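Read off the chains here:
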Amino acid sequence: MVCDVIITYCWNRVGYNIMRSLASHGLKVWVADTSKKNICSVSKFCSGSFTYPDPFTEEEKFIECLLSKIEELKPKMLLPTHDESVVIMRNKHLFPKDLLIPYEKDKILETMANKAESSKIAAKVGVPIPQIYSSIEEIRQYPIVFKTVFGNSAKGVYFPTNKEELKSLISNHCPEDYLIEEWVSGTDYSVDCIRWNGFWKSSVYHALVTKTDGGGTTTQREIVELPILEEYAKKILDDIDYNGVCGLDFRYDSETGRAAYIETNARFTGGLATPITAGFNIPWILYKLATDGIYNEPINIKIGTKTKWILGDIITLVGRIVSLKWSAKEIKQVFTFSGFDSFDDFFKDDKKAIIGEMCYYLEKLIKNRRLNP
């Protein structure tokens, strides 16, 4: 068995696009997850797959499983894709010395994932942030944003419209576990970056459709030119001397020009397919930087590139209908397939991959009664 890279947390489109990127350059990529059947494991670009115990509830067994497979497959690189990176980096000393894991130390990952801590860093380096309220009495206008300091894919984010709703949320959380911020008008923007030993490159996309009201996971995106957000992202990452892939979320109002830092994803982002399609091949560039220490090929990012997550759009529509918040415009957007440069989860040369994705989501829906796994 030949294996160049093992990728973890591979049930979704992010792992899929990483796998495609690396496999298209001739690498043998193995994928791993808690699930057996998913978008990655059924793909023709998958050289092999295996399952592991839940990294967040069975950390020791998870690490033991990875160590066993690494001993068997002898990959050059172990590439986490999501929050399991913290678990892996916390146990990095247990892995072979020559195994490349191109991620920051666990403490830095945890700091950047903490929305309160990363907001402090942003404010310190002069990056604008939303007003943070320390008490209900300070709030003069609703809606506002209530969010847990840890969370992703809009989990733990709420938009109370009055004092009673906010009090209810506060009563269910410890004070150190949440932030209360002003609501910032505009649209969600994400800056995807690679910062690695002096190398820096970034791109910006904005959300055309988000899976949940008020922002969060994007299902349709477009690459835009907005240098100020890239400058803000670089300021934050330079301050902590961050190395690796990263995605920083902002709100930006094109009418007023106001920008505000929201949070950092110290990992690959959910919209990864968009910069890859636009010419910023993040997984491959990271692989070359980690293995060769240099990347000299030209990177020409095409402004206006649009991508669509097909299954995500369907889930979005179902969620809107269930909550009675759907509109004719959103239905039209979901059923529009022209004008996109690629899809996150469907390629003509690998048609069965999306079937694996659908099976995974259906299984989770039946088991958990939720559209957001």
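Criteria and thresholds
- Counting starts from 1 at the beginning of each chain's written sequence and moves along it residue by residue.
- At least 70 in pLDDT is required for a residue's local features to be given in this predicted model, at least 80 for side-chain atom pairs to be given and counted, and no such filter applies to totals for whole chains, interfaces and linings, which use all residues.
- Hydrogens and waters are ignored; side-chain quantities use all the structure's heavy atoms.
- Side-chain rings of Phe, Tyr and Trp, where Trp is taken by its six-membered ring, are said to pair if the distance between their centres is within 6.5 Å; with planes under 30 degrees apart they count as stacked, over 60 as edge-to-face, and otherwise as tilted.
- We count a charge as sitting over a ring when the NZ of a lysine or the CZ of an arginine lies within 6 Å of the ring centre and within 35 degrees of the ring normal.
- Here a strand pair is declared whenever DSSP counts at least two bridges between the two strands.
- By definition, any uninterrupted DSSP run of H or I lasting at least four residues is a helix, any uninterrupted run of E lasting at least two residues is a strand, and each is numbered from the N terminus.
- Two residues form a contact once any of their heavy atoms are found within 4.5 Å.
- With axes taken as lines fitted to C-alpha atoms, and helix axes fitted only over the stretch in contact, angles between N-to-C directions fall between 0 and 180 degrees.
- Contacts described as polar in this section are N or O atom pairs within 3.5 Å, which, within protein, must combine one atom able to donate a hydrogen with one able to accept it, while residues neighboring in sequence count only if both atoms come from side chains.
- Each angle receives one of four descriptions, namely roughly parallel if under 35 degrees, roughly antiparallel if over 145, roughly perpendicular if within 65 to 115, and oblique otherwise.
- Here the term charged refers only to Asp, Glu, Lys and Arg, the term nonpolar to Ala, Val, Leu, Ile, Met, Phe, Trp, Tyr, Cys and Pro, and the term polar to all other amino acids, Gly among them.
- Each reported salt bridge corresponds to a side-chain nitrogen of Lys or Arg within 4 Å of a carboxyl oxygen of Asp or Glu.
- Here the term buried applies to any residue with accessible area under 20% of the maximum for its type, exposed to any over 50%, and partly exposed to those in between, with areas from a 1.4 Å probe on protein chains only.
- With strands facing away from the observer, any crossover in which the path from the first strand over the helix to the second runs clockwise is taken as right-handed.

(A) The arrangement of the packing of aromatic side chains in detail. Summed over all chains, the structure comprises 16 aromatic pairs. Every member of this aromatic cluster is reached through a ring pair, and the members are Y9, W11, W309, Y360 and Y361. Between the NZ or CZ atom of R20 and the centre of the ring of F347, over which it lies, the distance is 3.7 Å. Residue placement shows K308 over the ring face of F337; its charged tip is 4.8 Å from the ring centre.

(B) Structural view of the sheet that holds strand 5 (residues 144-148). Here three strands make up an open sheet; going across it, the order is 6-5-7 and the pairing antiparallel. Two strands in the sheet have a free side with no partner beyond their single neighbour: strand 6 (157-158) and strand 7 (178-182). Here two bridges tie strand 5 to strand 6, and the two strands are oriented antiparallel to one another. Bridging from a neighbouring strand, K147 pairs with V157 of strand 6. Most of the contacts of helix 5 (residues 115-124) go to strand 7, to which it runs at about 50 degrees, and overall it touches strand 5, strand 6 and strand 7. Across the sheet, helix 6 (residues 163-171) touches strand 5, strand 6 and strand 7, and the angle it forms with strand 5 is around 10 degrees.

(C) Spotlight on the side chain of S342. When you line up the elements, S342 lands in strand 14 (residues 342-343). In this structure the side chain of S342 is engaged in a polar contact, spanning 2.7 Å, whose partner is the side chain of T277. What S342 contacts, discounting residues up to four positions off in sequence, is A273, T277, K306, T307 and K308.

(D) Region of interest: the packing of helix 4 (residues 106-113) against helix 5. Direction vectors running N to C along helix 4 and helix 5 enclose 85 degrees, while the axes themselves pass 5 Å from each other. Our classification of the angle between helix 4 and helix 5 gives roughly perpendicular. Counting all contacts with helix 4, which are made through T111, M112 and A113, the residues of helix 5 involved are K115, E117, S118 and I121. Taken together, the residues of the contact of helix 4 with helix 5 break down into three nonpolar, two polar and two charged.

(E) How the structure looks around the pattern of salt bridges. Tallied over the full model, the rule gives 20 salt bridges. In this structure, D238 engages K234 in a salt bridge whose closest nitrogen and oxygen atoms are separated by 2.8 Å. Taken together, the positions of D238 and K234, both in helix 7 (residues 227-240) and four residues apart, correspond to about one turn of that helix. Its relative accessible area of 32% is what places D238 among the partly exposed residues. Note on K234: relative accessible area 32%, which makes it partly exposed. Salt-bridge contacts for D292 lead to K288; the nearest nitrogen and oxygen are separated by 2.7 Å. Separated by four residues within a single helix, D292 and K288 lie in helix 9 (residues 282-292), roughly one turn from each other. Looking at D292, the relative accessible area reads 46%, which means it is partly exposed. One connected set of salt bridges, linked through shared partners, spans R195, K234, D238 and D241.

(F) Examining the pairing of strand 2 (residues 29-33) more closely. Taking burial as the measure, the five residues of strand 2 include five buried ones, the bulk of the element. Burial of strand 2 is two-sided: the residues V29, V31 and D33 facing one way and the residues W30 and A32 facing the other way are all buried. Taken together, the three bridges between strand 1 (residues 5-7) and strand 2 define a ladder with parallel strand orientation. By the bridge assignment for strand 2, V5 is matched with V29. One crossover worth recording links strand 1 to the parallel strand 2 by way of helix 1 (residues 13-23), and it is right-handed. Relative to strand 3 (residues 48-51), strand 2 runs parallel, the two being bridged by four bridges.

(G) Layout of the pairing of strand 7. Burial runs high along strand 7: five of the five residues are buried. Bridge analysis of strand 5 against strand 7 gives five bridges, and the strand direction is antiparallel. In the strand pairing of strand 7, I144 is matched with E182.

Function-wise, these values are silent; they only describe arrangement.
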